[in-house]
Amino acid sequence: MTDDRMTGRADGQGRVYQALGDLHIVEHHHTAPDWSGPDSVRRPAVGHTPRILRDRVELMDRLRAAVEPGLGDRVYVLHGLGGTGKTAVAHALFEHVHAQRERLGLWVNASDATTLRAGMLAVAADRGAAETELVAARSGLRAGADLVWDRLDRSDRPWLLVLDNADDPAVLAEGGWLRTSPRGIVLVTTRQAATRWWPGAELCQVGVLPREDAAAVLRDLAPESGSDEDAAQVADRLGRLPLALTLAGSFLAHQVLDPWSLADYDRSLTTGEGLAALDGATGLARRDDRHLLDTTWQLSLDALAAQGLPDAGVLLRLLACWGADPLPLRLLAGADLGPDLPRTRVDPALRGLLDHSLTELDHSGVRALRTHALVLDSVARNTPAAQLDTLTAVAAARLDALVPTVARTGPHDPQLALLAPHFLALLRRAELPAVLDRAAASATRLADALFATGEYLMARDLAGGAADLAAGRLGAEHPAVLAARYRQAGALFRLGAFEASERIHRQVLTARQRLLGDDHPDTLTAAFGLSFPVLQLDRGREGVELLRHAVARRAEILGAGHPDTLLARALILEYLSVEELRAELAADDLSATCARELGTEHEVTLTARHNYAFALWQVGRHQEADELVAGVLADHERERGPLHPFTVSVRMLYARTRFETGHQEQAVELMEAVVAGRAATLGAEHPYTARSLEVLAEFRAGRPARP
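Worth saying up front: this structure is predicted, and the values here are computed from it rather than measured.

(A) Structural view of the packing of helix H18 (residues 420-429) against helix H19 (residues 433-452). Two elements in contact, H18 and H19, have axes whose closest approach is 10 Å; the angle formed by their N-to-C orientations is 160°. It follows from the interaxial angle that H18 and H19 lie roughly antiparallel. Note that H18 runs across H19; the crossing there is left-handed. On the side of H18, the interface is formed by Ala-420, Phe-423, Leu-426 and Leu-427, while H19 contributes Leu-436, Ala-439, Ala-440, Ser-442, Ala-443 and Leu-446.

Quick look at the structure:
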């Protein structure tokens, strides 16, 4: 039965932000399948950090004082332009807290809603959240921020929570993620300095380094490359930006065959030596920092090419087709990466990029790479259009190869979730219609797979984002765009946004009727999807007619035994009257038909057996329903997991049939499990929890539950 659809709310009163309205938060996990999140949030995912934190003495003194024992209820915001070392400062404070052992350190990447949500739920798990609570938050059935802050408020140890790279404060505000607690201190790093984003927080600016300290960074990394004055000269040309200084120092330190000096590096920045001269080199305020960074990346790539690794440049340009989120290494493994990068040369190229700090290994639980967004943006900007077209085609093919061809219901799969932001990044980069078509179709297939595991929020945002990006260049009625919209509408339905779901479903249906005709299978699918929000909006007859039309036309066009036909027949059983159900049951045994046509373990067969058992119970054939639903529950627990919304619905039906067949004690135990699960995942005031409590009370009173 498809009754588990609701979003949560967060109040956030007295916090830095107040969350208003229903929360629809996308989630993205980069933890191991057995949930390694509690370990990963204890380790800053920052890659290389400076051996010595130059300058920042006054700032560090202020922050160390802020995390003294007994202090809490404060938010500190480190702000400054990209590459100034805000994360390095946060990392130094994190290490200070860890060494003092008075306070627990927790680290979350807040660069986007996807990664933020994953990290914050890992924080909740670290602080003792139950798996049932996490499942509800991941699927959008409970407000994730409320769960996280409840656990932080009740933490057995005081804590420091670092929210790194929060360059879009709206992500924090919309989710209600940024709050205060007497148990801890929050430290945010961001490029956004506007006070309106940080009410009640203490703002700390992190700027470029003083000249002497900037030169010292270069000398720390490449001590044999030249004099202090040479280092200061190069530091000036690089705008004394810590990120550029770190990359320049790394470049100089890795020259082996023909090592460069700081003076050589300075001349290359001045004359270009084949590179475009930099504009406005006399002052940071007039300098285009992107050009400085572009030059720094290119110098490292030129050095790698001189060392016999020209493939490193090709690989970095391919990485720039994806996003800055953790990129699964399996995307790069076992295949040629285009005509210029055969599989045998991928590993040496990757090692070269790692050696020069152009990318880094991510240690958050899954074998992945993390490349700085500044690097990706500047590399993509400087890649010739023809080459970028070739590389985006390769990037689309590699993503496509990792997406399941058939969606299977089951527990959350963090490996799949990792791919979602890279589809959206690719759709932003690609220009060729064929690449956009393939990427949008693959993204929709991934959204289907996420939807099947109960990841409704991520499925909604991935499908909706793919549709928005592809529509701009392919058109709003392109088949791939309409398919993505259909999945977006289905996810909205599961999240309880019935009006929005109906609106998008109608748009898809109208377009397909005009383009394909009323009887095309895709048009029938659109009508089928529209029926569900219509049924929930108190227009039952209209919804049932849509379902009946889908059943009849699918049977005529696809055949009576086609999975789509049988699925429509199964789902219509939820919405028929008792008299109509008796007629359907008299026609044939739908569950047996599905098992015969599709096999006993097919997804449609699982759904059909569940709904057929429900129909038997509705018409009073309790013993038959009880015998059938016992096996259905075992199958759902095995295939979908014990906490999947469909599994909980089956368990509730089994409690009903147990009661009706005289097993009242077992029925009460089953309903107690249903109530406990729904209270933990949906909250005590959720209507499904309330209805479960009513059924439990009726069972305890010895009365059968009403339908």
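(B) Seen up close, the packing of helix H21 (residues 479-494) against helix H22 (residues 498-516). At a minimum axis separation of 8 Å, H21 and H22 run at an interaxial angle of 155°. Regarding the angle of H21 to H22, the classification is roughly antiparallel. Seen along the crossing, H21 lies across H22 with a hand that is left-handed. Of the residues in H22, those touching H21 at Leu-482, Ala-483, Arg-485, Tyr-486, Gln-488, Ala-489, Gly-490, Leu-492 and Phe-493 are Phe-498, Ala-500, Ser-501, Ile-504, His-505, Val-508, Ala-511, Arg-512 and Leu-515. Its residues assigned to classes, the contact of H21 with H22 shows 12 nonpolar, 4 polar and 2 charged.

(C) Representation of the pairing of strand E4 (residues 104-109) within the structure. The element E4 is extensively covered by neighbouring structure, given that 6 of its 6 residues are classed as buried. Along E4, one buried face is formed by Leu-104, Leu-106 and Val-108 and the opposite face, lined by Gly-105, Trp-107 and Asn-109, is buried too. Relative to strand E5 (residues 159-164), E4 runs parallel, the two sharing 6 bridges. Paired with Leu-104 across the bridge in E5 is Trp-159.

(D) Structural detail: the environment of Asp-635. By secondary structure assignment, the location of Asp-635 is in helix H29 (residues 622-639). The class for Asp-635 is buried, based on a relative accessible area of 14%. In this structure, the C-alpha to C-alpha distance between Asp-635 and Leu-606, residues 29 residues apart in sequence, is 7.6 Å. Ignoring any residue separated from it by four or fewer positions in sequence, one finds Asp-635 in contact with Leu-606, Arg-609 and Arg-640.

(E) Spotlight on the pairing of E5. Summarising burial for E5: 6 of the 6 residues are buried, a large majority. In E5, alternate side chains face the same way, and those of Trp-159, Leu-161 and Leu-163 on one face and Leu-160, Val-162 and Asp-164 on the other are all buried. Bridging between E5 and strand E6 (residues 184-190) involves 5 bridges; their strand directions are parallel. Among the inter-strand pairings, Val-162 is bridged to a residue of E6, identified as Leu-187. The β-α-β motif built from E5, the intervening helix H7 (residues 169-175) and the parallel element E6 has right-handed crossover chirality.

(F) Molecular detail of the packing of aromatic side chains. Using the criterion set out here, one finds 12 aromatic pairs in the structure. With 5.9 Å between their ring centres and 65° between their planes, Trp-149 and Trp-159 make a pair best called edge-to-face. With Trp-149 in helix H6 (residues 144-153) and Trp-159 in strand E5, this residue pair connects regions lying 10 residues apart in the sequence. Exposure class is identical for Trp-149 and Trp-159. Each is buried.

(G) Focus on the side chain of Glu-698. Within the fold, Glu-698 resides in helix H32 (residues 687-700). Buried charge without a salt bridge: Glu-698, with Arg-691 as the nearest opposite-charge side chain at an N-O distance of 4.1 Å.

(H) Spotlight on the sheet that holds E6. If you trace the 5 strands from one edge of the open sheet to the other, you get E4-E5-E6-E3-E7, paired in parallel fashion. In the strand order of this sheet, the two ends are held by E4 and strand E7 (202-205), each with one partner. Each strand of the sheet is rotated relative to its neighbour by a mean of 20°, with strand direction disregarded. Of the pairings in the sheet, the one linking strand E3 (residues 74-79) to E6 comprises 6 bridges and is parallel in character. Note that in E6 the partner of Val-75 across the bridge is Val-186. Helix H3 (residues 86-100) rests against E3, E4, E5 and E6 of the sheet, and its axis sits at about 155° to E4.

(I) The arrangement of the confidence of the model for the protein in detail. In this model, the protein carries an average pLDDT of 83, and 88% of its residues clear a pLDDT of 70 or more. For residues 1-39, every residue scores under 50 in pLDDT, and the model assigns this stretch 155 contacts once sequence neighbours within four places are set aside. Per-residue pLDDT stays below 50 along residues 272-291; that stretch engages in 25 contacts with residues further than four places along the chain or on separate chains.

(J) Expanded view of the sheet that holds strand E10 (residues 368-370). With respect to topology, 3 strands assemble into an open sheet ordered E8-E10-E9, the strand pairing being antiparallel. Across the chains shown, the open sheet's two edge strands, defined by having one partner strand only, are strand E8 (327-328) and strand E9 (360-362). Pairing analysis gives 3 bridges linking E9 to E10, with the strands arranged antiparallel. Within E10, the position partnered with Asp-362 by the bridge is Ala-368.

(K) Layout of unusual backbone geometry. A positive phi is found at Asp-55, a non-glycine position, where the angle reads about 60°. With respect to the secondary-structure elements, Asp-55 resides in the loop between helix H1 (37-40) and helix H2 (57-66). Given the relative accessible area of 30%, Asp-55 is considered partly exposed. Positive phi outside glycine occurs at Arg-56, with the angle close to 65°.

(L) Representation of H22 in the model. Taking 1.5 Å of rise per residue, the 19 residues of H22 would be expected to cover 27 Å, and the 26 Å separating its terminal C-alpha atoms lies within 8% of that figure. Inspection of H22 places Phe-498, Ala-500, Ser-501, Glu-502, Ile-504, His-505, Val-508, Leu-509, Ala-511 and Arg-512 among the buried residues, and these make up the whole buried set. Looking at the buried side of H22, the elements it contacts are H21 and helix H23 (521-536). One or two positions beyond H22, positive phi appears at Gly-517, with a value near 100°.

(M) A look at the environment of Ala-166. With respect to the helices and strands, the residue Ala-166 is situated in the loop between E5 and H7. On a C-alpha basis, the gap between Ala-166 and Arg-191 in space is 7.6 Å, while along the polypeptide they are 25 residues apart. What Ala-166 contacts, discounting residues up to four positions off in sequence, is Ala-110, Leu-172, Val-188, Thr-189, Thr-190 and Trp-198.

Criteria and cut-off values
Residues numbered from 1 in each chain as written. Predicted model: local features only at pLDDT ≥ 70, side-chain atom pairs only at ≥ 80, totals over all residues. Heavy atoms only, no water. Axes fitted to C-alpha atoms, helices over the stretch in contact; angles between N-to-C directions. Helix = DSSP H or I, 4+ residues; strand = E, 2+ residues; numbered from the N terminus. Parallel < 35°, antiparallel > 145°, perpendicular 65-115°, else oblique. Left-handed = near helix turned anticlockwise from the far one by under 90°. Contact = heavy atoms within 4.5 Å. Nonpolar A, V, L, I, M, F, W, Y, C, P; charged D, E, K, R; others polar. Buried < 20%, exposed > 50% of the residue type's maximum accessible area, 1.4 Å probe, protein only. Pairing = 2+ DSSP bridges. Right-handed = clockwise from strand over helix to strand, strands pointing away. Phe/Tyr/Trp six-rings, centres within 6.5 Å; stacked < 30°, edge-to-face > 60°. Lys, Arg positive; Asp, Glu negative; His and termini not counted. Salt bridge = Lys/Arg side-chain N within 4 Å of Asp/Glu carboxyl O. pLDDT = per-residue confidence, 0-100. Expected span 1.5 Å × (residues − 1).

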